[in-house]
Amino acid sequence: MSDISRNGGSAGGPSGRIGIGLELDSVHMKILEVLRENGRISVSALAERVGISRANAYTRFEALRADGAIKRFTAEIDHVRTGLGITALIFVTVRQQMWKQFRAELARMPEVEYCAITTGQHDAMIQVRVADVAEVHTMVTDRLANIPAVKATETVFILDEVLRRPYVLPSDRDARTARPARRAPQEAPGDVPLGKMRFVGAAEGRAALRKDT
């Protein structure tokens, strides 16, 4: 896999090692950008979008899958349409000697979409999707509260999901920093805004003096 990546990495840009040794270059990043927009795109269309041959696109795509850079493909759904219009974040304080029990109990809760161990005031953050607020209340007061490993909880309801990306890439940051700075509007000669100073070159000043004399 490393040979494939190195041989096809003439597009330049920073590279980084992942998985078992595949080197990600700018072409790999472009493939991941295109797949983020459409994970079901054909290899031919992918090759055209990235600007490489179909064989190269297929080889690189399979290398990304084999190396684990692409873990899996899944569908993104509308949770409101499926009847799960309420989303809440539950911050949990866990008794430190009972993490194993907490993980086991959490795995048996189908409402839990995501869980992460965090720093700060709480030990973990759980994201749940349910049909109504009453389900969140039941989950917190009846289920989580009865787990010996759970010491305390704090619940926050999500009112609107403003932004959700499938994933982010280093190239997103590079594209943002590469944008040219906006030029200040040109000022006409002699037009000096209030509160500003206009510096006149020596040659220009002498020419003006000659005209006055």
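About the thresholds
- Residues numbered from 1 in each chain as written.
- Predicted model: local features only at pLDDT ≥ 70, side-chain atom pairs only at ≥ 80, totals over all residues.
- Heavy atoms only, no water.
- Core = buried A, V, L, I, M, F, W, Y, C linked by side-chain atoms within 4.5 Å.
- Buried < 20%, exposed > 50% of the residue type's maximum accessible area, 1.4 Å probe, protein only.
- Helix = DSSP H or I, 4+ residues; strand = E, 2+ residues; numbered from the N terminus.
- Contact = heavy atoms within 4.5 Å.
- Arc of directions from axis to C-beta.
- Phe/Tyr/Trp six-rings, centres within 6.5 Å; stacked < 30°, edge-to-face > 60°.
- Salt bridge = Lys/Arg side-chain N within 4 Å of Asp/Glu carboxyl O.
- Expected span 1.5 Å × (residues − 1).
- Polar contact = N/O pair within 3.5 Å; in protein donor to acceptor, adjacent residues only side chain to side chain.
- Pairing = 2+ DSSP bridges.
- Axes fitted to C-alpha atoms, helices over the stretch in contact; angles between N-to-C directions.

S.K.: Is there a simple way to think about the nonpolar core in this case?
M.R.: Among soluble globular proteins, nonpolar side chains are generally buried collectively. In terms of nonpolar packing, the biggest core is built from 20 residues, with Ile-90, Val-92, Phe-102, Met-109, Val-112, Ile-126 and Val-128 touching the most fellow members. Taken together, the elements giving at least two residues each to this core come down to strand S3 (86-94), helix H5 (99-107), strand S5 (124-130) and helix H6 (133-144). Those residues in contact with Val-92 that sit more than four places away from it in its chain are Phe-102, His-122, Asp-123, Ala-124, Ile-126, Val-150, Ala-152 and Thr-153. Counting residues in each nonpolar core, the second largest holds 19 residues, with Val-27, Met-29, Ala-57 and Leu-64 among its members.

S.K.: I'm lost on helix H3 (residues 43-50) in this one. Help?
M.R.: Inspection of H3 places Leu-46, Ala-47 and Val-50 among the buried residues, and these make up the whole buried set. Seen from one end, H3 has its buried residues packed into an arc of 100 degrees, which puts them on one side. Packed against the buried residues of H3 are helix H2 (26-37) and helix H4 (54-67). A positive phi of about 90 degrees marks Gly-51, the residue just after H3.

S.K.: Just checking my understanding: could you explain the packing of aromatic side chains for this structure?
M.R.: Aromatic ring pairs are reported here in terms of the distance separating the ring centres and the angle at which the planes meet. Using the criterion set out here, one finds two aromatic pairs in the structure. Judged by centre distance (6.0 Å) and plane angle (40 degrees), the rings of Phe-61 and Phe-73 are tilted. Within this pair, whereas Phe-61 is found in helix H4, its partner Phe-73 is found in the loop between H4 and S3, the two being separated by 12 residues in sequence. The buried category is assigned to Phe-61, whose relative accessible area is 13%. With relative accessibility at 43%, the residue Phe-73 sits in the partly exposed group. Seen from their ring centres, Trp-99 and Phe-102 are 5.8 Å apart, and the 85 degrees between their planes marks the pair as edge-to-face.

S.K.: Is there a simple way to explain the pattern of salt bridges in this structure?
M.R.: A side chain of one charge can pair with a side chain of the opposite charge if their charged atoms are brought near each other. Under the criterion given, the structure shown has 10 salt bridges. A salt bridge links Asp-25 to Arg-60; the nearest nitrogen and oxygen atoms lie 3.1 Å apart. One end of the pair, Asp-25, is in the loop between strand S2 (22-24) and H2; the other, Arg-60, is in helix H4, and 35 residues separate them in sequence. Salt-bridge contacts for Arg-49 lead to Glu-37; the nearest nitrogen and oxygen are separated by 3.0 Å. Taken together, the positions of Arg-49 in helix H3 and Glu-37 in helix H2 put the pair 12 residues apart, joining distant regions of the chain. Here the residues in one salt-bridge network are Glu-113, Arg-129, Glu-161 and Arg-164, joined through shared partners.

S.K.: What should I look at first to understand H6 in this one?
M.R.: The α-helix winds at 3.6 residues per turn, so residues separated by three or four positions along the chain end up facing the same way. Taking 1.5 Å of rise per residue, the 12 residues of H6 would be expected to cover 16 Å, and the 16 Å separating its terminal C-alpha atoms lies within 8% of that figure. Looking only at H6, the buried set comprises Val-136, Met-139, Val-140 and Leu-144. Summarising the axial view, the buried residues of H6 lie within an arc of 90 degrees, below the 170-degree limit, and thus occupy one face. Where H6 is buried, its residues meet S3, strand S4 (112-117), S5 and strand S6 (150-157). Its side-chain oxygen 3.2 Å from the backbone nitrogen of Ala-134, Asp-132 forms the N-cap of H6.

S.K.: How should the sheet that holds S6 be read in this particular structure?
M.R.: In any sheet, the strands associate via hydrogen bonds between backbone groups, in a parallel or an antiparallel arrangement. Overall, antiparallel pairing links the four strands, which are arranged S4-S5-S3-S6 in an open sheet. Both edges of this open sheet fall to S4 and S6, since each of them pairs with a single strand only. Direction aside, neighbouring strands of the sheet carry axes that sit 20 degrees apart on average. Sheet analysis places S4 next to S5, joined by five bridges and oriented antiparallel. Residue pairing for S5: Cys-115 is matched across the bridge by Ile-126. H6 contacts S3, S4, S5 and S6 of the sheet and is inclined by roughly 170 degrees relative to S6.

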